[in-house]
Amino acid sequence: MKKIACLLYPNFSLYEIAPLTSALVLNFGRKIDFIASTTETIYSEDGLPCHADKILEEVNIEEYDCILCPGTIDFTPALRDEYLIRFLAGLDGKSIKIAAISSAPILLAKAGLLKQTLYTGGIWQNFIDYFDFLPRENFRPLPVCEDGNIITGTGFTVNAFSRQVLTSLGLVEDASMCFKELDNYTEEDFIFELSDQEFEEFKATFEKMP
């Protein structure tokens, strides 16, 4: 089974990828490598210090079937990271899925990946006019847009973006109920119980812990 790669860069947004990365690991048993252009500490937009598992030069694309690109409240450092942009540009023509949310499609555009690709994102329209590498004719005002191997989404439609990625990877046939709260709940919805086997496995593991 191939792995998932998640790019890290300064000011990246945790909440935009956490539902998806959590589901990929806990529900579908996928391994995620966090990758970056540096070994230095990278701080999320809410100040969490992070370190990548691998730097970009160590990444073998053939090991992965999807690369996640989180949004960032300030995309300038990532946009000016020539190493990062070259890495993304090297994905052109590859079959790997590229999933970018919020402002991250700007990075894909800078790498030349959106020249012939429809996209959306949490992108100020001013930026589309300002940056000549952002093709206005390809922009779509949608919560999520999938075109070829590229999936883009807006930051406030995190759940829709996550569902699209899970579906595109073939992990679920119908993701309509994933990451979705119901309008009405019953008391039974808040009663959680392991099966006898699961509980026995928990006890066996717990009692072995020091």
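Scroll up a little and you will see the structure.
Please read all numbers here as calculations on a predicted model, not as lab measurements.

On to the environment of K115. Within the element layout of this structure, K115 appears in the loop between α4 (105-110) and α5 (125-130). The spacing of K115 and N159 is 44 residues in sequence and 27 Å in space, taken between C-alpha atoms.

Membership of the largest hydrophobic core comes to 42 residues, with the highest contact counts inside it found for L7, C69 and L88. Secondary structure elements with two or more residues in this core: β1 (3-7), β2 (32-36), β6 (64-69), α2 (76-79), α3 (82-89), β7 (97-101) and α4. Those residues in contact with L7 that sit more than four places away from it in its chain are I35, L56, I67, L68, C69, P70, L84, F87 and L88. Among the nonpolar cores identified, the runner-up in size contains 19 residues, and I4, I32, I151 and L166 belong to it.

Attention now goes to the packing of aromatic side chains. Under the counting rule described, the total for this entry stands at 8 aromatic pairs. Aromatic pair Y130 and F131: ring centres 5.0 Å apart, planes at 75 degrees, arrangement edge-to-face. Judged by relative accessible area, Y130 falls into the exposed class, the value being 65%. The exposure class assigned to F131 is buried, which follows from its relative accessible area of 14%. Counting every residue linked through ring pairs, the aromatic cluster contains F75, F127, Y130, F131 and F133.

This paragraph deals with the sheet that holds β6. With mixed pairing, the 7 strands of this open sheet are ordered in space as β5-β2-β1-β6-β7-β9-β8. The strands lining the two open edges of the sheet, one partner per strand, are β5 (54-55) and β8 (144-147). Bridge count for β6 against β7 is 4 bridges, and the pairing is parallel. Bridge pairing links L68 to A99 in β7. Contacting β1, β2 and β6, α3 runs over the sheet at an angle of about 145 degrees to β1.

In the structure shown here, the tally under the stated rule is 9 salt bridges. With a shortest N-O distance of 2.7 Å, D33 and K31 are connected by a salt bridge. We classify K31 as partly exposed; its relative accessible area is 45%. As a salt-bridge pair, D129 and R136 come within 3.0 Å of each other at their nearest N and O atoms. Within this structure, K3, K31, D33, K54 and E63 form a network of salt bridges that share partners.

Okay, the side chain of S102 next. Residue placement: S102 occurs in the loop between β7 and α4. The exposure class assigned to S102 is buried, which follows from its relative accessible area of 11%. Ignoring any residue separated from it by four or fewer positions in sequence, one finds S102 in contact with E16, G71, G121, G122, I123, G153, T154 and G155.

With that out of the way, let us pick up the pairing of β8. Taken together, the 4 bridges between β8 and strand β9 (residues 150-153) define a ladder with antiparallel strand orientation. Bridge pairing in β9 places C145 opposite T152. Taking the residues between adjacent antiparallel strands as the criterion, β8 and β9 are bridged by 2 residues, where G148 takes a positive phi near 65 degrees.

Conventions and cut-offs
Residues numbered from 1 in each chain as written. Predicted model: local features only at pLDDT ≥ 70, side-chain atom pairs only at ≥ 80, totals over all residues. Heavy atoms only, no water. Helix = DSSP H or I, 4+ residues; strand = E, 2+ residues; numbered from the N terminus. Core = buried A, V, L, I, M, F, W, Y, C linked by side-chain atoms within 4.5 Å. Buried < 20%, exposed > 50% of the residue type's maximum accessible area, 1.4 Å probe, protein only. Contact = heavy atoms within 4.5 Å. Phe/Tyr/Trp six-rings, centres within 6.5 Å; stacked < 30°, edge-to-face > 60°. Pairing = 2+ DSSP bridges. Axes fitted to C-alpha atoms, helices over the stretch in contact; angles between N-to-C directions. Salt bridge = Lys/Arg side-chain N within 4 Å of Asp/Glu carboxyl O.

Shape descriptors only; they carry no functional weight alone.
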